[in-house]
Amino acid sequence: MAATDLERISNAEPEPRSLSLGGHVGFDSLPDQLVSKSVTQGFSFNILCVGETGIGKSTLMNTLFNTTFETEEASHHEDCVRLRPQTYDLQESNVHLKLTIVDAVGFGDQINKDDSYRPIVDYIDAQFENYLQEELKIRRSLFDYHDTRIHVCLYFITPTGHSLKSLDLVTMKKLDSKVNIIPIIAKADTISKSELHKFKIKIMGELVSNGVQIYQFPTDDEAVAEINAVMNAHLPFAVVGSTEEVKVGNKLVRARQYPWGVVQVENENHCDFVKLREMLIRVNMEDLREQTHSRHYELYRRCKLEEMGFQDSDGDSQPFSLQETYEAKRKEFLSELQRKEEEMRQMFVNKVKETELELKEKERELHEKFEHLKRIHQEEKRKVEEKRRELEEETNAFNCRKAAMEALQSQALHATSQQPLRKDKDKKKSINLRSQKAAIM
Ligand code: GTP
Ligand code: MG
């Protein structure tokens, strides 16, 4: 025998021995205790309705739970898909159900539908995140925590009779690893029986060829294996919703009345409403809740913890302790912080240097400008000085001429007063003088 086999045998826990009891002990009441505890605690169930505006989501919810949930009609002009959750407390016998219906308002109404699935994915993830945060708390209160994780997504397919739209395929593909999807053909009364049969086959074919995983009713529990297997073959359910009551025979039934006849919601020859109600509420509600926790939430939790650096074992398959992972992560975080700090400091120094250089350059430019202005000013000053000198010279010349003229004038006056007889001669002289004076002026 190989050494590893021996090791395994010695490490294995001993098989527990079977013993028979001498009389009634009482632990056979455990299932009843469990039921009683669950009933006291109450249940929560969260349904996400995805389908285009006016496809019949609210009507179907009202029909399924046989009540009227207060919902508003959505407009066709939303600029993006918006998730609207509404929670109700329902009671049947002594069982309390906290039911949340989440509507994807405005789905399919945008011109660009590339990101229509994103708000839905984000909403589902946000509910997982809330649950994870509660689980990671030191003082957890999961017992009375309102679990808002989506347990089922009813995907309403438009009854075109052709094929699925690419928006349907893309959205279901993005959601299938996060939520249990049950596809349903809405307003099935608007499509003929033969067309419906072909439509169902086409839809299933397209889902398979595009690798979209829809929820399969479980067949591992003997009690429901048979009915679930049969129902799996009926997917997608073709449903009709109505809260209107119509008299058929002598009974009031929920139906849609047309000029040519009545479509009864609960008549299995008319639509698959009863099948949906049976599968969703009466047979598989607990499985949907369980699958959400053990499959979809588990996947989210694992990815999230791995992202945070936690793992179950190191490279050599040695179990990793939470403490060690925390320490390693802390060290990594601190060194990253230091690196970032250093980077920022360097950035700051560079920025200061850059600003300094810029300021120096500006100073130099200003200096050059000042020197230039100074030169212009000196040139102007020199020109003004020259002009002033020229003016002075002109003034001097003028003054000289003025003085000469005044001298001549006084001379002339003097001569007139001395010799009256020589009047004619002098007259001539005076004329000459006047012409000389004019020439000076
Ligand atoms: P929004 O919330 O506004 O997006 O609409 P909705 O998807 O909730 O649709 P709603 O239930 O308000 O129904 C819209 C219209 O479709 C109403 O006039 C309903 O009477 C009608 N309707 C609902 N279910 C069916 C159905 O199964 N068949 C037919 N023919 N009409 C239906
Ligand atoms: Mg509605």
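Residues numbered from 1 in each chain as written. Chains lettered and ligands numbered in written order. Predicted model: local features only at pLDDT ≥ 70, side-chain atom pairs only at ≥ 80, totals over all residues. Heavy atoms only, no water.

## Brief notes about the site of ligand 1
Inference 1: Neighbouring residues of ligand 1: 16 residues in total, closest Ser-58, Thr-59, Ala-74, Asp-189 and Gly-241.
Inference 2: Between Asp-189 and ligand 1, the recorded distance is 2.9 Å, taken from a side-chain N or O atom to a nitrogen atom.
Inference 3: When ligand 1 sits alone it has 650 Å² of accessible area, and the protein chains cover 77% of it.
Inference 4: The element best represented in the shell around ligand 1 is helix H3 (residues 57-65), accounting for three residues.
Inference 5: For the shell around ligand 1, a count of residues per class yields four nonpolar, seven polar and five charged. (Near = heavy atom within 4 Å. Polar contact = N/O pair within 3.5 Å; in protein donor to acceptor, adjacent residues only side chain to side chain. Areas by Shrake-Rupley, 256 points an atom, 1.4 Å probe, with all protein chains shown as cover. Helix = DSSP H or I, 4+ residues; strand = E, 2+ residues; numbered from the N terminus. Nonpolar A, V, L, I, M, F, W, Y, C, P; charged D, E, K, R; others polar.)

## Remarks on the pattern of salt bridges
Inference 1: Scanning all chains against the criterion turns up 28 salt bridges.
Inference 2: A salt bridge links Lys-178 to Asp-125; the nearest nitrogen and oxygen atoms lie 2.9 Å apart. Taken together, the residues Lys-178 in the loop between helix H5 (166-175) and strand S5 (181-185) and Asp-125 in helix H4 (residues 118-136) connect sequence positions 53 residues apart. Asp-125 carries the same exposure label as Lys-178, and that label is buried.
Inference 3: Where Arg-382 meets Glu-379, a salt bridge forms, and the shortest distance between an N and an O atom there is 2.9 Å. Of this pair, Arg-382 and Glu-379 both sit in helix H10 (residues 322-418), three residues apart, roughly one helical turn.
Inference 4: Owing to a relative accessible area of 35%, Glu-379 belongs among the partly exposed residues under this scheme.
Inference 5: Within the structure, one salt-bridge network assembled from shared partners comprises Lys-200, Glu-268, Asp-272 and Lys-275. (Salt bridge = Lys/Arg side-chain N within 4 Å of Asp/Glu carboxyl O. Buried < 20%, exposed > 50% of the residue type's maximum accessible area, 1.4 Å probe, protein only.)

## A word on a nonpolar patch on the surface
Inference 1: A grouping of Leu-21, Val-25, Phe-27 and Leu-30 is seen on the molecular surface, where their side chains present a nonpolar patch of about 450 Å² in accessible area.
Inference 2: Along the polypeptide, Val-25 turns up in the loop between helix H1 (3-11) and helix H2 (30-41). (Patch = residues over 30% accessible without salt bridge, like charges linked within 9 Å, V, L, I, M, F, W, Y side chains within 5 Å.)

## Thoughts on the packing of aromatic side chains
The geometry of an aromatic ring pair comes down to the distance between the two centres and the angle between the two planes.
Inference 1: One pass over the structure, following the stated rule, counts 10 aromatic pairs.
Inference 2: Seen from their ring centres, Tyr-131 and Tyr-145 are 5.5 Å apart, and the 70 degrees between their planes marks the pair as edge-to-face. On the criterion of sequence distance, the pair formed by Tyr-131 in helix H4 and Tyr-145 in the loop between H4 and strand S4 (152-157) is long-range, its members being 14 residues apart.
Inference 3: Judged by relative accessible area, which is 10%, Tyr-131 ranks as buried.
Inference 4: Relative to Tyr-297, the ring of Tyr-131 lies with its centre 5.0 Å away and its plane at 80 degrees, an arrangement referred to as edge-to-face. With a gap of 166 residues between them, Tyr-131 in helix H4 and Tyr-297 in helix H9 (residues 285-307) connect regions that are remote in the sequence. For the pair formed by Tyr-131 and Tyr-297, the shared burial category is buried.
Inference 5: In textbook terms, an aromatic cluster arises when at least three aromatic residues are bridged by ring pairs, as seen for Phe-128, Tyr-131, Tyr-145, Tyr-297 and Tyr-300.
Inference 6: Looking at Arg-149, its charged tip hangs above the ring of Tyr-131, at a distance of 3.6 Å from the centre.
Inference 7: Lying over the aromatic face of Tyr-297, Arg-149 brings its terminal NZ or CZ to 4.9 Å of the ring centre. (Phe/Tyr/Trp six-rings, centres within 6.5 Å; stacked < 30°, edge-to-face > 60°. Lys NZ or Arg CZ within 6 Å of the ring centre and 35° of its normal.)

## Side note on the sheet that holds strand S8 (residues 251-258)
Inference 1: Read across the open sheet, the three strands follow the order S7-S8-S9; overall the sheet is antiparallel. Here the strands that pair on one side only, and so sit at the sheet edges, are strand S7 (245-248) and strand S9 (261-264). Strand-to-strand twist of the sheet, defined as the mean angle between neighbouring strand axes without regard to direction, takes the value 65 degrees. (Pairing = 2+ DSSP bridges. Axes fitted to C-alpha atoms, helices over the stretch in contact; angles between N-to-C directions.)

## Observations concerning H3
Inference 1: A large share of H3 lies buried, amounting to seven of its nine residues.
Inference 2: Of the positions making up H3, those classed as buried are Lys-57, Leu-60, Met-61, Asn-62, Thr-63, Leu-64 and Phe-65.
Inference 3: Positive backbone phi, at 50 degrees, marks Asn-66, one or two positions downstream of H3.

## Digging into unusual backbone geometry
Inference 1: In this model, Leu-235 is joined to Pro-236 through a cis peptide bond whose omega is -5 degrees.
Inference 2: Relative to the helices and strands, Pro-236 resides in the loop between helix H7 (222-232) and strand S6 (237-238).
Inference 3: Despite not being glycine, Asn-66 shows a phi value in the positive range, around 50 degrees.
Inference 4: Among the secondary structure elements, Asn-66 is positioned in the loop between H3 and strand S2 (82-92).
Inference 5: At Lys-187, a position not held by glycine, the phi torsion is positive, near 45 degrees.
Inference 6: Its location among the elements puts Lys-187 in the loop between S5 and helix H6 (193-209).

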